[in-house]
Amino acid sequence: MSVDGAQLWTLNQRLLAVVMDACTEELAELGLETKEFFVLAEVEASPYPAEIATALLLPKASVTVYVRNLVTKGYIRREIDEADLRRHRLVLTAEGTQARDRALAALAAEYDRRLARVTPHDRVELQRILKAMLASPASAHMHE
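Below is a short write-up of the structure.

What counts and what doesn't
Residues numbered from 1 in each chain as written. Predicted model: local features only at pLDDT ≥ 70, side-chain atom pairs only at ≥ 80, totals over all residues. Heavy atoms only, no water. Helix = DSSP H or I, 4+ residues; strand = E, 2+ residues; numbered from the N terminus. Contact = heavy atoms within 4.5 Å. Pairing = 2+ DSSP bridges. Core = buried A, V, L, I, M, F, W, Y, C linked by side-chain atoms within 4.5 Å. Buried < 20%, exposed > 50% of the residue type's maximum accessible area, 1.4 Å probe, protein only. Expected span 1.5 Å × (residues − 1). Phe/Tyr/Trp six-rings, centres within 6.5 Å; stacked < 30°, edge-to-face > 60°. Lys NZ or Arg CZ within 6 Å of the ring centre and 35° of its normal. Salt bridge = Lys/Arg side-chain N within 4 Å of Asp/Glu carboxyl O.

1. Regarding the environment of L40
Assignment of secondary structure puts L40 in helix α3 (residues 34-42). Linking L40 and L90, residues 50 residues apart in sequence, is a C-alpha distance of 9.8 Å. With residues near it in sequence (within four places) discarded, L40 still touches L32, L70, Y75, I76, L92, G96, A99 and R100.

So this is what it looks like as structure tokens:
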């Protein structure tokens, strides 16, 4: 049986959607919409809205709305960037860190429930495969 990239992409997207759907209640308890959660989870790695938009493949205007909502909810705050006083960087508040961690724990628990259906050997293989797919082209050639 031949498996093409589109089929695998669709299956992966479906899995992510099912996991997110199962966590909707936990996110709602935190006052988070799904995309707000993704923005919240990205703030530490990408402290500027434009970086978040690039990392999450979201329009900058949408990220602006999500950031504004998260600031209003007290989950993030804007600070003057010491390296460039014209820019603001985003910082998680204590409440934002707690909300992010609770949401991530809910997602991890749901993903673990699904992962429990897979043998330990296949989990190791899945991790290896995903890392290979995420590796930069230069490092991927080194492993061949």
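2. Focus: the pairing of strand β2 (residues 84-92)
Every regular strand shows the same layout, with side chains that alternate between the two sheet faces. Here six bridges tie strand β1 (residues 76-81) to β2, and the two strands are oriented antiparallel to one another. Across the sheet, residue I80 finds its bridge partner in β2, namely H88. As consecutive antiparallel partners, β1 and β2 are separated by two residues.

3. Section: the nonpolar core
Within the largest apolar cluster, 25 residues are counted, with the highest numbers of intra-cluster contacts made by L32, F37, V39, L40, L70, Y75 and I76. In this view, L70 contacts L32, E36, V39, L40, Y75 and I76; residues no more than four positions away in its chain are not counted.

4. So, helix α6 (residues 94-115)
Note on helix geometry: an α-helix contains 3.6 residues per turn, so any two residues three or four positions apart are oriented the same way. End to end, α6 covers 31 Å across 22 residues, agreeing with the expected 32 Å (1.5 Å per residue, within 8%). Those residues of α6 that fall on the buried side of the exposure criterion are G96, A99, R100, A103, A106, L107, E110 and L115. Close packing links the buried residues of α6 with α1 (5-22), α2 (24-29), α3, β2 and α7 (120-134).

5. Notes on the packing of aromatic side chains
For the coordinates displayed, the defined rule picks out one aromatic pair. Note on F37 and F38: the rings are 5.4 Å apart at their centroids and 55° apart in plane angle, and the pair reads as tilted. The aromatic ring of Y48 is capped on one face by R87, whose charged end is 3.7 Å from the ring centroid.

6. Some details on unusual backbone geometry
Note: most residues except glycine have negative phi, and most peptide bonds are trans. The backbone of L57 sits at a positive phi, close to 55°, despite the residue not being glycine. Assignment of secondary structure puts L57 in the loop between α4 (49-56) and α5 (60-72).

7. Regarding the pattern of salt bridges
As enumerated under the stated definition, the model contains nine salt bridges in all. In this structure, E29 and R102 form a salt bridge, with 3.7 Å as the shortest nitrogen-oxygen distance. Taken together, the positions of E29 in helix α2 and R102 in helix α6 put the pair 73 residues apart, joining distant regions of the chain. Since its relative accessible area comes to 54%, E29 is described here as exposed. A salt bridge links E110 to R114, with the nearest nitrogen and oxygen atoms 3.4 Å apart. Residue E110 and its partner R114 are both found in helix α6; the two are separated by four residues, about one turn of the helix. Residue R114 is classed as partly exposed on the basis of its relative accessible area of 25%.

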